[in-house]
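# Geometric and topological summary
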Amino acid sequence: MTESTEFITGATPAAPRFGFLLPLGLALLPVMAALVAAGLVLLVLGSDPIEYYSYVVQRGLLRWRGLQATVVNMVPLLILGGALIVSFRSGLWNLGIDGQYLLGTLTAGATAPLLAGAFPSIVALPLAMLAGAVAGALWALPPALLRARAGINEVISGLMMSLIAASLTAAAIKLWLKDPASLEPQTLTLPVEDRLPLLAGTDINIGIFIALGLVIAAHTLMMRSATGLRFRILGLNPAAATHAGLGVPKLTLSVLCLSGALGGLAGAVELTGVLGKMQASWHPGYGFAVVPLVFLARMNGWAVIVFVFAFSVLQIGSASAATRLGVPQDFTLVLVGFLLLFLALSEYAGERLRAKKV
Amino acid sequence: MTAAPSPVVSLREVTKRFPGVIANDRVSLDFFPGEVHALLGENGAGKSTLISMLAGVQRPDEGEIAVDGAAVAIASPRHALSLGIGTVYQHRMLVPTLTVAENLMLGAPWWRRPALGGVRARFREAAAAFGVSVDPDARVENLSLGEQQQVEIIRALWRGGRLLVLDEPTAMLSPKGVEELGAMMGRMKALGIGIVFITHHLTEALDFGDRVSVLRGGRSVGGIAPETLTALPRADAMAEVVRLMFGTGLASAEAAEGGAHVPRALPNTKMLEVVGLSGRSPRSGSSFEDVSFHVRKGEIFGIAGVDGNGQTPLAEALAGQIAATGSVVLDGRELGPANVALRYQLGLRYATDDRNGEGMVGKLPISTNMVLKEIGAAPFWRRGIERRAAIDAHASALFAAHDVRAPGIHTPVGRLSGGNIQKVLLARELSGSPKVIVYSKPTHGLDLRNIEATRRRIRETAEAGVATVLISTDLGEVLALSDRIGVMVRGRLVGIVENGPEARLEVGRLMAGITEREAA
Amino acid sequence: MPPIFNEPFLAALLTGAIISALPLILAGLGEQMSERAGVMNIGLEGMMMAGALAGFAATLAGLGVWGGMLAGGLVGAAVSVIMVLFCVRQGMNQIIVGIAITLGATGVTSLMHNAWYSRTYPRLDAAEKIALPGLSQIPVLGPGLFTHHPATWAGLFVALVFAFVYRQTFLGLNLASAGEKPDALDAAGIDVTRTRSVAVMVAGAMAGLGGAYMAVIGSGIFVPHMTGGAGYIAIVLAMLARDRPLWVVGGALLFGFCLSATTALQVGGIEVPTDFIQMLPFLAVMAVLVLFGRNARLPRALGQPYHRGQR
Amino acid sequence: DTIAIVTPEQGTDFGWNQQGIEGLEAAAEATGTEAIIAQGLGYGNVRPTLRELAEDGAQLIIAHASGYSTEAIEVAKEMGVHMVTGNPSEPPLVANYNLTAEKGAYLAGVLAAKMTKTKVLGIVVSSESPNWNAQSAGFAQGVRAVSPEIELRYAIIGPAAYADVAGARRVTESVIASNADIIFGQGNGSSFGMIQAVETVTPPSGEKVWFIDVIGDKTSIDKGHLLSSVIWDMAPVFTQMVEDVRADVFGTTTYALALEDGSQRLLQTDHIPAEIWAELEAVKAQIMAGEITVDLVLEPAATRAMMSTTVAAAE
Ligand SMILES: Nc1ncnc2c1ncn2[C@@H]1O[C@H](COP(=O)(O)OP(=O)(O)OP(=O)(O)O)[C@@H](O)[C@H]1O
Ligand SMILES: Nc1ncnc2c1ncn2[C@@H]1O[C@H](COP(=O)(O)OP(=O)(O)OP(=O)(O)O)[C@@H](O)[C@H]1O
Ligand SMILES: [Mg+2]
Ligand SMILES: [Mg+2]
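Residues numbered from 1 in each chain as written. Chains lettered and ligands numbered in written order. Predicted model: local features only at pLDDT ≥ 70, side-chain atom pairs only at ≥ 80, totals over all residues. Heavy atoms only, no water.

Attention now moves to the coordination of the magnesium ion (ligand 3). Residues and elements named next belong to chain B. Distances from the magnesium ion (ligand 3) to its protein donors, Ser48 (OG) and Gln90 (OE1), fall within 1.9 Å. Note that serine 48 is positioned in helix 1 (residues 47-54) and glutamine 90 in the loop between strand 6 (85-88) and helix 3 (100-105), a separation of 42 residues in sequence. Residue glutamine 90 is classed as buried on the basis of its relative accessible area, which comes to 16%. (Donors = N, O, S within 2.8 Å, 3.2 Å for Na, K, Ca; no water. Helix = DSSP H or I, 4+ residues; strand = E, 2+ residues; numbered from the N terminus. Buried < 20%, exposed > 50% of the residue type's maximum accessible area, 1.4 Å probe, protein only.)

Quick look at the confidence of the model for chain B now. Residue and element names in this part refer to chain B. A residue-level look at chain B finds 94% of positions with pLDDT of 70 or above and a mean pLDDT of 87. Mean pLDDT per element in chain B: helix 18 (residues 503-511) is the minimum at 80, and helix 13 (residues 366-370) is the maximum at 96. Here residues 515-520 is a poorly scored stretch, pLDDT under 50, and it has 12 contacts once near neighbours within four places are set aside; other chains count. (pLDDT = per-residue confidence, 0-100. Contact = heavy atoms within 4.5 Å.)

As a further point, take the interface of chain C and chain B. Interfaces are often sized by the accessible area lost when the parts come together. At the interface, 24 residues of chain C touch 34 residues of chain B. With both sides pooled, the region where chain C packs onto chain B buries about 2500 Å², and carbon together with sulfur makes up 62% of that total. Between chain C and chain B we count eight residue pairs in polar contact (both at pLDDT 80 or more) in total. Mapped onto the side of chain C that touches chain B, the elements with two or more residues apiece are helix 5 (150-168), helix 6 (170-180) and helix 7 (182-187) of chain C. Top contributing element to the side of chain C that touches chain B by residue count: helix 6 of chain C, with seven residues. (Buried area = accessible area lost by both parts, 1.4 Å probe. Polar contact = N/O pair within 3.5 Å; in protein donor to acceptor, adjacent residues only side chain to side chain.)

At the interface, 49 residues of chain C touch 47 residues of chain A. Across the contact surface, chain C and chain A share one salt bridge. Across the chain C-chain A interface, the total number found is three residue pairs in polar contact (both at pLDDT 80 or more). Listed by contribution, the elements that provide at least two residues to the side of chain C that touches chain A are helix 2 (44-89), helix 3 (94-116), helix 9 (230-241) and helix 11 (274-292) of chain C. By residue class, the composition of the side of chain C that touches chain A is 31 nonpolar, 14 polar and four charged. (Salt bridge = Lys/Arg side-chain N within 4 Å of Asp/Glu carboxyl O. Nonpolar A, V, L, I, M, F, W, Y, C, P; charged D, E, K, R; others polar.)

Residues and elements named next belong to chain B. Spatial ordering of the open sheet is given by 16-19-20-13-21-22, a layout of six strands whose pairing is mixed. Single-partner strands in this sheet number two, and they are strand 16 (348-351) and strand 22 (492-498). On average, each strand axis in the sheet is inclined to that of its neighbour by 15 degrees, with strand direction left out of account. Note: strand 21 (residues 484-489) against strand 22, six bridges, orientation antiparallel. Residue pairing for strand 22: glycine 486 is matched across the bridge by isoleucine 496. On the sheet, helix 10 (residues 311-319) packs against strand 13 (300-304), strand 16, strand 19 (436-440), strand 20 (467-472) and strand 21 and is oriented at approximately 150 degrees with respect to strand 16. (Pairing = 2+ DSSP bridges. Axes fitted to C-alpha atoms, helices over the stretch in contact; angles between N-to-C directions.)

Further remarks concern the pairing of strand 16 of chain B. Two faces make up the sheet, and in a regular strand the side chains alternate between them. Residue and element names in this part refer to chain B. With burial as the criterion, each face of strand 16 is covered, one bearing Leu348 and Tyr350 and the other bearing Arg349 and Ala351. Pairing analysis gives four bridges linking strand 16 to strand 19, with the strands arranged parallel. Within the sheet, the bridge partner assigned to tyrosine 350 lies in strand 19 and is valine 438.

By size, the foremost hydrophobic cluster in this structure holds 261 residues, and its most contacted members are Tyr52(A), Ile233(A), Phe331(A) and Met226(C). Take this core: its biggest share by element is 16 residues, from helix 2 of chain C. Looking at which domains feed residues into this core, each of domain 1 (9-93 + 158-249) and domain 2 (270-519) of chain B supplies at least three. In terms of nonpolar packing, the next biggest core, distinct from the first, is built from 65 residues, Ile3(D), Ile37(D), Ala101(D) and Ala112(D) among them. (Core = buried A, V, L, I, M, F, W, Y, C linked by side-chain atoms within 4.5 Å. Domains from an automatic or database assignment.)

Here it is in structure tokens:
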């Protein structure tokens, strides 16, 4: 069990509740830099950066419709952020997160429509979410067991389980769960009126509150609770965990399964809130979008919220900006790439500053 | 041995700061060829920092280092080596996954092929001369810390060079090992090599050192020049050094010798009884066999033996960290299968010797490390939620009581000096109401003042009725504290001796393996 | 079995398996070295995309297959310089930078394709193969296994070279030390930063070669996102193989053969859902993990920046 | 007025996306409406884009991927905008366009059957999506109509291998090695990998290999192997839709590619001998006259069955 874990647990002596203010301050400069760099690319493409960016802000943030889309877009990312906070702070690198998300979505997609037929939504949806969470936890179990029992690195097994999940969910839908009424291989659809209730007069469903609640919960769990401390010690020094009698295998199992459950829940909430059905081709790969955000946030739940919001604005805004200005959608990748790079730079500078202060 | 006129290396007004501490404050020292320069100072005095600048690991913030009188900015360990400055660090510097031989050769040009053959032979000789048997093809991670240190010393001696820096090289050596090291330093001297020798044992310093310098709070507070040292009667020299290190009268000189043992009358209630215990450490592979002994209420049972003879696994088994066969009865209750948490609750404590490896979580603050073994328990947690106030209060109290030297209770433990980490560890294990405490090398790496304080604490807690198992490679310590002494050789408890005037001789004979299995 | 399983068909299947395995081998070997030295290179996928475009462009420009491979390697290495500067030298978070590289490179190559090729879709001529005398005459297996472009043999040869380096040179020891206990390596007088930089750039070059191979020899054309996650599979192979280059080769070939098996079954008219067959290689890896998993321990200092003298 | 289309990939694939976009632009031209193109949106959740387009005043939106159907229908009802999907029509807002070219594919099958020398034909697809299935089945029927002996090799590159050129080339080369000398290839980006194979290898017996493409016209980038293509011209369909919206009869008829208006047709290249082309024209007439019926098969299993059973029959 002697593995490098510090780069994922990070040095975090009880991070102050608003410790994310510094990274935030340090975020503005790099954002500027990234925008300029990507702007040059836009110029090469022959379109006007200013126009593009103003579109992004317009459509992703300022316009009411866009803002709603942004908020809805945040839901799964936030819950996955919570899942990763739990696992990363424990020095366990749950890269199977995408697989757990898929299993959660699939399970919710398979159960929700039926449950909604049998019970009122108030009962049906929580049940479906529970099912999703359980599915996610179960999918996290093999890597967890391998890690806990034989010390087998969870990164490899996690990635494998994700790739398997992609094929398995597709096969399951095509072979057993397909909605006969639809040509496209997808599960039965949860009727719009049975989905998570919307905030009056908006496209925003209450999933956002569930998501926010979960991130904060995950953060508090890790930073203020006894269980969280046990998890963190596991991450920072497994030998010490053994020495202090924390039962490393049990901890490992609980961390990965908890993380997996959240992963599955993310899928269930998005399905019952927005998607309504799961398609065989559905693998959005949120995991790799969230992982860097969680690192940038230094695994601080509050900061994760901020970064996820900014990221969503960008996703929604740039989708329409590209449409309007005939810029290929893949330009967004370039923009995000630059942002991550420069943000990482400032995060690093911030760490330097912090180190000086201690 | 006449000290050559001009120094090999000199430090001029060197200052080094770290967040919250000035580790070295305008230190000036000269190191001469063919001379053993003993560098003394309490924990956190700045010894390791000073030599880390010689080794090119740290750069001075101010001041300069001169080699052969010419100022050089030592840019890297490589640079230091090329200048002929070799170092054995306080913390182990071997690659755990490589074999001993590979570690010994590390540093050669990258395109070459390692010629293991020759090294093996050479190493075997050197090791033999050192009185240890380490397999050159063994993976370093399977060696005990003691063995690892011996390998590093041999490596440094091989490299030779012009200045040899040894940071607490004797910390884990057996008495014989220490003698050997002394002899070797003698040979090096003869070759005109300068040696910097850091230790917490004044006796060693005075035995091997030609010149003594003392650091206090990062400052160089003087020392004793060779001529004076040779002239001065030992006792006076000792007193002088103690005065330099701690200011006047704080610590008595014979504390260095560990103080004398006073026989005590003890109640006859067996607090800890171990019968036919055997086990092996999955980490290190070293094991112990069929160990039986008991410890009465308030008794101190010493376990003497050279490092690497299975003491650590024994301690780990007692603490419930590793599985073992046989029986362990605590206060009349059979403890059964390994279970650290339960044993801790029942009042069995284990102060490990591997403070960085398992004893502490380096990146967490001192305050948290103080309650590492009570996570979730009141008053520090309520309904699973931590109560910082309670934790900090608890920490501050211990912090003061154990005289920990650090910027504050929120400093990450990893930043502390070796000795101060040890203090935090002891503070944690002694707090609460223990029934049995197992110490493993409790004072190793501590300075005189702390050794004295720690030993006093061990005595006091024992007198308060705590049954104590004291595992130590420092025979003086065992003799000074124990009521009875068991001796471990190759994983077996080869004998148990009542402490007394005859004990030292008897223990020595047992360790040398003269009498076989006449366990009391 | 159906008559269609004639020799040419089997040969094509084997050829296909090897050709689809090679990019994984090249990139995987690179990642393996980088991880051995303690640097987690998540940017592999991006470096492969960059190499693919560069290799394709160069060959298209008339530099030939070797010219293309060279270009791919160089560009891959160039991209990895970002990793060197930010992660190895500055000690920035390797995961973020890696993902940034992958996103950026994927995006840029897509844009370039859009600008240069999306109207004409230029295609390369087949890379000429050479048949290994003797071996390629072996019935059934021979033609498929031993008739390839020399670059294929070169790729496999690299694996042997790496194996030699790890076992037989100080470079091997240095790399391992940089990943296990960098301060010990530093204390022994070897520059950790330089050692890691070399490893990362080799990884970049190898990933670039892998991408170039895929574009120049594998497909003969470039389209956006064409590596389709090969980079991540290569990372898994590298982690799985730890310090054994030949395991990377074995793992990659396993993937290749599973892919060809799919085609064989379909063309043979045997009905198997593609999704299930897609899973086979991954299930196989899980099996390997369960059996030999204990070897999958990662270097202690993997992902940890090294700052001399820090406590 | 404004009409819009939402496509999963960039409209530069000489295929599904490009034809859709060009079709919409043509329709806008013909009906004097403004066109908004939202391309390359991937296969994820497109609700935000659909809503935005509706808000920007598009009265008619074509959700140009079978995966978009559910979202599209929901947004149509939510925002009262006309939406076109692959799902069954629900007038007045939702209309179905079934872009299946089984008839064109049938003709392609006839063409292939008449041209093949090795009597082995290959069908390579990038996925098992309904419109691919329809064409594969149509092709098979066309082949059978000419000769029961000809063998069919049916291979899927991967579940959703739309961009997997390397895989496409590998699979196609294998199929050719199994003696096929004409490849009927379906798969947006990956088609280029198939073409690459067709251009670079030959079956064991050394015949020249032909490629029959679908949806778009790749003549401009042909290197002499493009035998034909089942063209999907969506302009007529889209134009019809706009007019129906104006006439308030939107979705009362299903919108389909038809041989009649040439929206579904076989591309004539100069590689096709005149006499064979004449025969094809005759077959086309029979189909339109209803003398020949081409079954519409959409299910993967059913499609595969048509291949395997026939392979068995051929042995
Ligand atoms: N890298 C570092 N970062 C922060 N503080 C440090 C660092 N190195 C040393 N210090 C601090 O500098 C002071 C001197 O430490 P040093 O290790 O030199 O003491 P020492 O004399 O070697 O003590 P010991 O005898 O216990 O080893 C201590 O307060 C320590 O906390
Ligand atoms: N594989 C390892 N990983 C980490 N630390 C190790 C490893 N092997 C040994 N150690 C450290 O070395 C120390 C001594 O090693 P070991 O457990 O072998 O003691 P030992 O050989 O029984 O000698 P003694 O009992 O006298 O300490 C242990 O406390 C442990 O912290
Ligand atoms: Mg020290
Ligand atoms: Mg020990």
